[in-house]
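# Overview (structure and organization)
Listed here are the chains, written in short residue letters.
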Amino acid sequence: MKKFICQVFFVLLTLSNILLSQEKDFEKEKKTLINLAQSILTGETDSIRIMANKDFHKHLLNLIKTKKSYKYTFEEIEHVSILQPKDKMFKIFTWFLPYKNGEYEYFGIIQTCKKNGKKCRIYELEKTHKLSNEVVNKKLTVEQWYGCLYYDIISIKINKKKYYTLLGWDGHNKQTTKKIIDVLSLTKKTDPVFGSSIFNNTKKRIVLEYSSKYPISLRYDEKLEYIVFDHIEPIDGISINNFDLYAPNLSYDVFKKTDVGWQLETNIYLNNEK
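Residues numbered from 1 in each chain as written. Predicted model: local features only at pLDDT ≥ 70, side-chain atom pairs only at ≥ 80, totals over all residues. Heavy atoms only, no water.

Assigned secondary structure in the protein chain consists of three helices and 14 strands. Residue burial in the protein chain is summarised as follows: out of 274 residues, 44% are buried. Carbon and sulfur atoms make up 53% of the accessible area of the protein chain, which totals about 15,800 Å². (Helix = DSSP H or I, 4+ residues; strand = E, 2+ residues; numbered from the N terminus. Buried < 20%, exposed > 50% of the residue type's maximum accessible area, 1.4 Å probe, protein only. Areas by Shrake-Rupley, 256 points an atom, 1.4 Å probe, with all protein chains shown as cover.)

What follows is the structure in structure tokens.
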């Protein structure tokens, strides 16, 4: 009996030491990411920022591959946007590398796991496309990503199928900025796909490009169940598609959540609340 108790004690002690070691490794990786994130944002040269981002990418992947990661919020790492829908189907990590010339490069990872954090799959988003008129109306795989920072996620169910609407930001360059409304669809048996025809204007994603001089709002109103954004138009009224002259006109456009998808209404007024 004593021998059995000693064996159990030894096993428990060994497991405790392993868990303590894993916890220390997790905390060490997290601190490394926090430091690297600062270098990405504030490095004195582009080369310093690029090297920091390479290390950041590698360490973030290492951390995401640990069992604990799916339940962890990563709140201390401010540079990364991490979104997870209410059903906890996946997490999407996005971040950016700012260059000295005012342009940006984007990176992303999608992590899918069961709710207990087991049987995880990791998809790295590869930026191979630009947000051109052609791409706006295409479904894109994780190998065909265009790049942006996602900052909000809204679930919508249509004909018993669930879609995840993403709101994103692209700093683009010194002249223009972009806001994006995209749709992510995935199931336990299928890989993630960006873009879907759930908007009533026939597009698979919405891209708002405007002058960087004029910030615009793009947000989801939970009470109204609207995606609300500033209506933008050329300042001179005639320079169509010359986006460095596009600015808000004090009215709003909205996408209303319905059983058949997002329904667009334009040039409405919401008591001047953004």
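A separate point is the nonpolar core. Core analysis: the biggest nonpolar cluster contains 24 residues, and I92, I110, Y150 and F194 have the highest contact counts within it. Elements supplying a minimum of two residues to this core: β2 (90–98), β3 (104–112), β4 (121–125), β6 (149–158), β7 (161–170) and β8 (176–185). Other than its neighbours up to four places away in sequence, I110 contacts F90, K91, I92, R121, I122, Y123, L125, V142, L184, P192 and F194. (Core = buried A, V, L, I, M, F, W, Y, C linked by side-chain atoms within 4.5 Å. Contact = heavy atoms within 4.5 Å.)

Turning to the sheet that holds strand β14 (residues 261–268), a few remarks are in order. The four strands lie next to each other as β11-β12-β13-β14, forming an open sheet whose pairing is antiparallel. Since the sheet does not close on itself, it has two edges, and those belong to β11 (218–221) and β14, each with one partner. The mean angle between the axes of side-by-side strands here comes to 30°, regardless of whether they run parallel or antiparallel. Bridge analysis of β11 against strand β12 (residues 226–234) gives four bridges, and the strand direction is antiparallel. (Pairing = 2+ DSSP bridges. Axes fitted to C-alpha atoms, helices over the stretch in contact; angles between N-to-C directions.)

Joining two cysteines, a disulfide is a covalent bond between their sulfur atoms. Applying the stated rule across the entire model yields one disulfide. Put simply, C113 and C120 are joined by a disulfide, and their sulfur atoms are 1.8 Å apart. Torsion about the S-S bond of the C113 and C120 cystine: about 115°, corresponding to right-handed handedness. For C113, a relative accessible area of 9% puts it in the buried group. (Disulfide = S-S within 2.5 Å.)

Positive phi, normally seen in glycine, also occurs at N159, with a value near 50°. Secondary-structure assignment places N159 in the loop between β6 and β7.

Once that is clear, we can look at the sheet that holds β4. Ordered by their spatial adjacency, four strands build an open sheet running β1-β2-β3-β4, and the pairing between neighbours is antiparallel. Each having just a single partner strand, β1 (81–83) and β4 make up the two edges of the open sheet. Averaged over all pairs of adjacent strands, the angle between their axes in this sheet comes to 15°, without regard to strand direction. Across nine bridges, β2 lies against β3 in antiparallel orientation. The partner of T94 across the bridge, within β3, is G108.

This next bit is on the pattern of salt bridges. Applying the stated criterion across every chain, the model contains seven salt bridges. Measuring nitrogen to oxygen at the nearest pair gives 3.5 Å for the salt bridge that ties D191 to R121. Placement of D191 in the loop between β8 and β9 (193–194) and of R121 in strand β4 is noted, with a sequence separation of 70 residues between them. (Salt bridge = Lys/Arg side-chain N within 4 Å of Asp/Glu carboxyl O.)

Attention shifts here to the packing of aromatic side chains. Counted according to the given criterion, the structure contains 18 aromatic pairs. When the ring of F96 is compared with that of Y104, the centres are 5.5 Å apart and the planes differ by 75°; the resulting orientation is edge-to-face. What makes F96 buried here is its relative accessible area of 15%. Overall, Y104 belongs to the partly exposed group, its relative accessible area being 29%. Three or more aromatic residues link up through ring pairs in this structure, and these residues are F96, Y104, Y106 and W169. Above the ring of Y70, the side-chain terminus of K91 is found at 5.7 Å from the ring centroid. (Phe/Tyr/Trp six-rings, centres within 6.5 Å; stacked < 30°, edge-to-face > 60°. Lys NZ or Arg CZ within 6 Å of the ring centre and 35° of its normal.)

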